[in-house]
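Report on the structure
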Amino acid sequence: MLRYTLSRLAALLQVLVIMSIVIYGLIYAMPGDPATVILGDEATPERVAELRGELGLDQHPVAGYVSWAWSALGGDLGDSIFLRQPVTEVLGERMLPTLSIAVLATFLSVIVAIPLATFAARRRGGVADVSVTVLAMLGIAVPGFVLALFLVRVFAVQLGWFPPAGFTDPGRDLGDFLRSIFLPAASLAVVQVALLGRITRSSVVETLGQSFVTVARAKGLSPRGVLFGHALRASLVPILTVLAGSFGTLLAGAAVVETVFNIQGVGELIVTAISRRDYPVIQGTVLTIALIYVVLNFVVDLLYPALDPRIRLTAGGRR
């Protein structure tokens with residue numbers, strides 16, 4: 001297990017290094033001099049030279065990357081060009097709404113998708129199975145912003161159950177905090193329910209046909225015991241893999257929902273930074289989201305052998 005953990009950790013570090021190179025290289029993707037492009041044609045030569053120094057453009061690209069990566073390791077992601085604040089400080093202010101919405105969306109998708117998909121898998125080919133499959137396809141097909149506008153119209157404007165926009169800090173009022181993030185989270189959760197439901201159903205159906213499930217039935221275990229004690233447990237591997245991947249997608253894809261609900265989160269921050277060409281913010285935000293994504297996948301990798309005893313770990317991976 002130790003060798004497997006170290007091998008996965010080494011793979012994680014390789015991914016982080018490659019990812020950081022790509023993220024740092026974003027600034028060189030723009031045509032012309034990046035500092036002039038960011039500040040515009042009316043910027044003074046002194047201000048352009050100052051920004052080139054701030055962005056590390058007055059160094060060789062390799063030296064600039066090493067300096068930037070070393071600062072990032074120490075928690076310094078640079079300063080926002082337009083907000084005049086450290087990027088870590090800006091991210092700290094914007095991360096809470098986005099993380100809260102993503103966590104609640106993941107929770108909603110798990111408590112809805114897994115029971116429904118498991119129920120559908122037990123009745124494969126029946127009315128319940130077909131209904132769940134159709135609903136899953138419908139959830140994937142409907143754009144998130146359309147659903148968000150529909151939820152605002154029905155549950156905020158007409159029924160008044162939730163606020164139509166804004167975010168309430170949990171330290172101020174926990175109830176208002178939950179109400180302020182419920183509709184954005186529900187908008188994001190629908191697609192995740194559809195995706196997770198399809199994966200869960202397919203995985204449970206496949207597992208129910210395997211030999212160890214047949215053996216469990218032959219031993220006299222009840223259908224419920226076979227389903228929840230063996231089939232669903234073995235199916236958790238692909239389910240957790242999808243959940244880890246979809247959580248990163250929720251963080252990165254919250255921009256539209258945050259715009260609809262007028263929430264100043266990470267999604268809104270990165271959209272604004274792109275429109276202003278605020279590269280320190282873009283680099284810092286993308287790096288933070290990518291770091292969360294790869295760490296979650298690393299944790300899921302470590303959970304595989306605990307979830308499925310059939311997985312035998314070897315020094316170089318698993319089988």
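Conventions adopted
- Residues numbered from 1 in each chain as written.
- Predicted model: local features only at pLDDT ≥ 70, side-chain atom pairs only at ≥ 80, totals over all residues.
- Heavy atoms only, no water.
- Helix = DSSP H or I, 4+ residues; strand = E, 2+ residues; numbered from the N terminus.
- Buried < 20%, exposed > 50% of the residue type's maximum accessible area, 1.4 Å probe, protein only.
- 1 Å grid on protein atoms, 1.4 Å probe; cavity = no way out; pocket = protein on both sides within 12 Å on 5 of 7 lines; lining within 4 Å.
- Points joined across faces, edges and corners; volume = space filled by probe spheres on them.
- Nonpolar A, V, L, I, M, F, W, Y, C, P; charged D, E, K, R; others polar.
- Axes fitted to C-alpha atoms, helices over the stretch in contact; angles between N-to-C directions.
- Parallel < 35°, antiparallel > 145°, perpendicular 65-115°, else oblique.
- Left-handed = near helix turned anticlockwise from the far one by under 90°.
- Contact = heavy atoms within 4.5 Å.
- Patch = residues over 30% accessible without salt bridge, like charges linked within 9 Å, V, L, I, M, F, W, Y side chains within 5 Å.
- Areas by Shrake-Rupley, 256 points an atom, 1.4 Å probe, with all protein chains shown as cover.
- Salt bridge = Lys/Arg side-chain N within 4 Å of Asp/Glu carboxyl O.
- Domains from an automatic or database assignment.
- Buried area = accessible area lost by both parts, 1.4 Å probe.
- Polar contact = N/O pair within 3.5 Å; in protein donor to acceptor, adjacent residues only side chain to side chain.

**Here we look at unusual backbone geometry**
The phi angle of most residues is negative, glycine excepted, and most peptide bonds adopt the trans form. Positive phi, normally seen in glycine, also occurs at N262, with a value near 50°. Relative to the helices and strands, N262 resides in the loop between α11 (255-260) and α12 (266-276). The exposure class of N262 is exposed, given its relative accessible area of 56%.

**With respect to empty space enclosed by the protein**
All chains considered together, the criterion is met by 1 cavity of 30 Å³ or more. In this model, the largest cavity occupies a volume close to 30 Å³. Considering the residues around the largest cavity, the lining is formed by S109, Q192, L195, L196, V242, L243 and S246. Residue assignment for the lining of the largest cavity shows that the elements contributing at least two residues are α8 (174-208) and α10 (223-252). Among the residues making up the lining of the largest cavity, the classes are represented as 4 nonpolar, 3 polar and no charged.

**A word on the packing of helix α6 (residues 127-141) against α8**
Between α6 and α8, the least distance of the axes is 8 Å, while the angle of their chain directions is 140°. Here α6 is positioned oblique relative to α8, judged by the angle of their axes. Note on packing geometry: the crossing formed by α6 with α8 is left-handed. On α8, the residues touching D129, T133, A136, G139 and I140 of α6 are V190, V191, A194, L195, R198 and R201. Its residues assigned to classes, the contact of α6 with α8 shows 6 nonpolar, 2 polar and 3 charged.

**Description of a nonpolar patch on the surface**
Among the surface-exposed residues, L2, L6, L9 and L13 lie close enough to one another that they form a single nonpolar patch of about 390 Å² accessible area. Locating L2 in the fold gives a position in helix α1 (residues 2-24). L2 gets classed as exposed once you look at its relative accessible area, which sits at 62%.

**Observations regarding the domain arrangement of the protein chain**
We note that the domain assignment places domain 1 (1-87) and domain 2 (97-312) within the protein chain. The C-alpha centroid of domain 2 is placed 31 Å from the C-alpha centroid of domain 1. Taken together, the contacts link 27 residues of domain 1 with 22 residues of domain 2. Carbon and sulfur atoms make up 76% of the area that domain 1 and domain 2 hide from each other, which totals about 2,100 Å². Interface area lost by domain 1 to domain 2 is led by L12, I23 and F82, which between them contribute 20%. For the interface between domain 1 and domain 2, the tally reads 0 salt bridges. Applying the counting rule to domain 1 against domain 2 returns 1 residue pair in polar contact (both at pLDDT 80 or more). Put simply, the parts of the chain that give the side of domain 1 that touches domain 2 at least two residues each are α1, α2 (34-39) and α4 (61-73). Among the residues making up the side of domain 1 that touches domain 2, the classes are represented as 22 nonpolar, 3 polar and 2 charged.

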